[in-house]
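Residue strings, one per chain:
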Amino acid sequence: MQSTTASSQAEPVSSMTIGVVGAGLIGRAWAIVFARAGFSVSVYDINADALKNAGEAIRQSLMDLQQAGLVAGVDHVMKHIRFDADLTSAMQGVGYVQECGPENVEGKRAIYLELEAAVSDETILASSTSGIAASLFSDHLQHPQRCLVAHPVNPPYLIPLVEVVPTPATSEAATATTLKLMEAAHQAPILVHKEIEGFVLNRLQGALLNEALRLFRDGYVSAEDLDKTVKYGLGLRWSFMGPFETIDLNAPAGVVDYANRYGPLYHKVDQQRGDENPWDEATLNALDKERRTLLPSTDLSARHEWRDRRLMALMAHQRSMTE
Ligand code: NAD
């Protein structure tokens, strides 16, 4: 089985030019990731206005990052990024494309056909898709072996995880090169060995959200206290280690010792869950009522900015620590 660090088949990535297709929220963020790491980035969007606005939006994000000490110079990063409204010239000489078009299979199928005509046969075509298996929009191509998913977490210039998900047709070389490129861009790639809806991160997030909604719906806890449980409990450890390492360290003799002590409890709880959909209207209305009392709609956008500043401070702190 291929490992995340296997790179024997990988192409050299240091001089690769990166193409970004789609200059929306995620495309702009990827441009920052690659340009910040010194790669030349060529950004294309089918919508001229989106392309025109992208430069200013990227500059604003870079200024915020500079203020948090996370990039050295805004102009230095900006000069690695060019914007091109013509797909063929934008993709000229590009070795890796990060596709950031809309999240639907038909749209992505059309983009991939256009892309295949604009790039060389070896150019890797990686999709940012949040949950669609890449085989669904690459099986009609002449060279599907260079297609895969590289799923970021928003915004990828602050949250480094990238889920690399090959299709059954993806070559080992394309996967290895993508993993190597992500490391060179200072991201933290993981390899998902087989295609699965939602990949790994959103399946884990979904498991927690489903249970959180059930506990809230059934009156065991308020929304505020549920959030506190993660904020002051689980989340503190999770910001620097994962759940498997957590349980390995939570019993004197490690993971099996932990499982012997607490496994029966978790298994019993799992069986109690049932399969009733907790995303029902009444539950969501009750949740919204409590959330809007805690945070009125008029304060949402200020709170978004607060979240991004907190995230930047956390990343700056993590960078200053040696592991
Ligand atoms: P967005 O709507 O902000 O941007 C999409 C961009 O694609 C738009 O600028 C649009 O003009 C452009 N576009 C549409 N058709 C195109 C075409 N044929 N060729 C080139 N460009 C085209 O969307 P987004 O939030 O940036 O999402 C992009 C992708 O990233 C989606 O697949 C999404 O699932 C994924 N993603 C999003 C998030 C998130 O939090 N927003 C997180 C991870 C992954």
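You'll find the structure just up there.
Because the structure is predicted, anything quoted here is derived from the model rather than measured.

A. Quick look at the packing of aromatic side chains. According to the stated counting rule, one finds six aromatic pairs in the structure shown. Aromatic pair Y258 and Y266: ring centres 6.3 Å apart, planes at 20°, arrangement stacked. By relative accessible area, which is 48% here, Y266 ends up partly exposed. One aromatic cluster is present, formed by W30, F34, F39 and Y96 through successive ring pairs. One Lys or Arg, R303, reaches over the ring of W306 and ends 3.5 Å from the middle of that ring.

B. Main features of the site of the ligand. If you check the shell around the ligand, you find 23 residues, and the closest are I26, D45, E103, K108 and S130. Within the side chain of E103, an N or O atom sits 2.6 Å from an oxygen atom of the ligand. Between K108 and the ligand, the recorded distance is 2.9 Å, taken from a side-chain N or O atom to an oxygen atom. Surface burial for the ligand is 74%, taken as the share of its 830 Å² of free accessible area covered by protein chains. Mapped by element, the contributors of at least two residues to the shell around the ligand are helix 1 (25–36), helix 5 (105–118) and strand 6 (147–152). Considering only residue class, the shell around the ligand consists of 11 nonpolar, nine polar and three charged.

How each quantity is defined
- Residues numbered from 1 in each chain as written.
- Predicted model: local features only at pLDDT ≥ 70, side-chain atom pairs only at ≥ 80, totals over all residues.
- Heavy atoms only, no water.
- Phe/Tyr/Trp six-rings, centres within 6.5 Å; stacked < 30°, edge-to-face > 60°.
- Buried < 20%, exposed > 50% of the residue type's maximum accessible area, 1.4 Å probe, protein only.
- Lys NZ or Arg CZ within 6 Å of the ring centre and 35° of its normal.
- Near = heavy atom within 4 Å.
- Polar contact = N/O pair within 3.5 Å; in protein donor to acceptor, adjacent residues only side chain to side chain.
- Areas by Shrake-Rupley, 256 points an atom, 1.4 Å probe, with all protein chains shown as cover.
- Helix = DSSP H or I, 4+ residues; strand = E, 2+ residues; numbered from the N terminus.
- Nonpolar A, V, L, I, M, F, W, Y, C, P; charged D, E, K, R; others polar.

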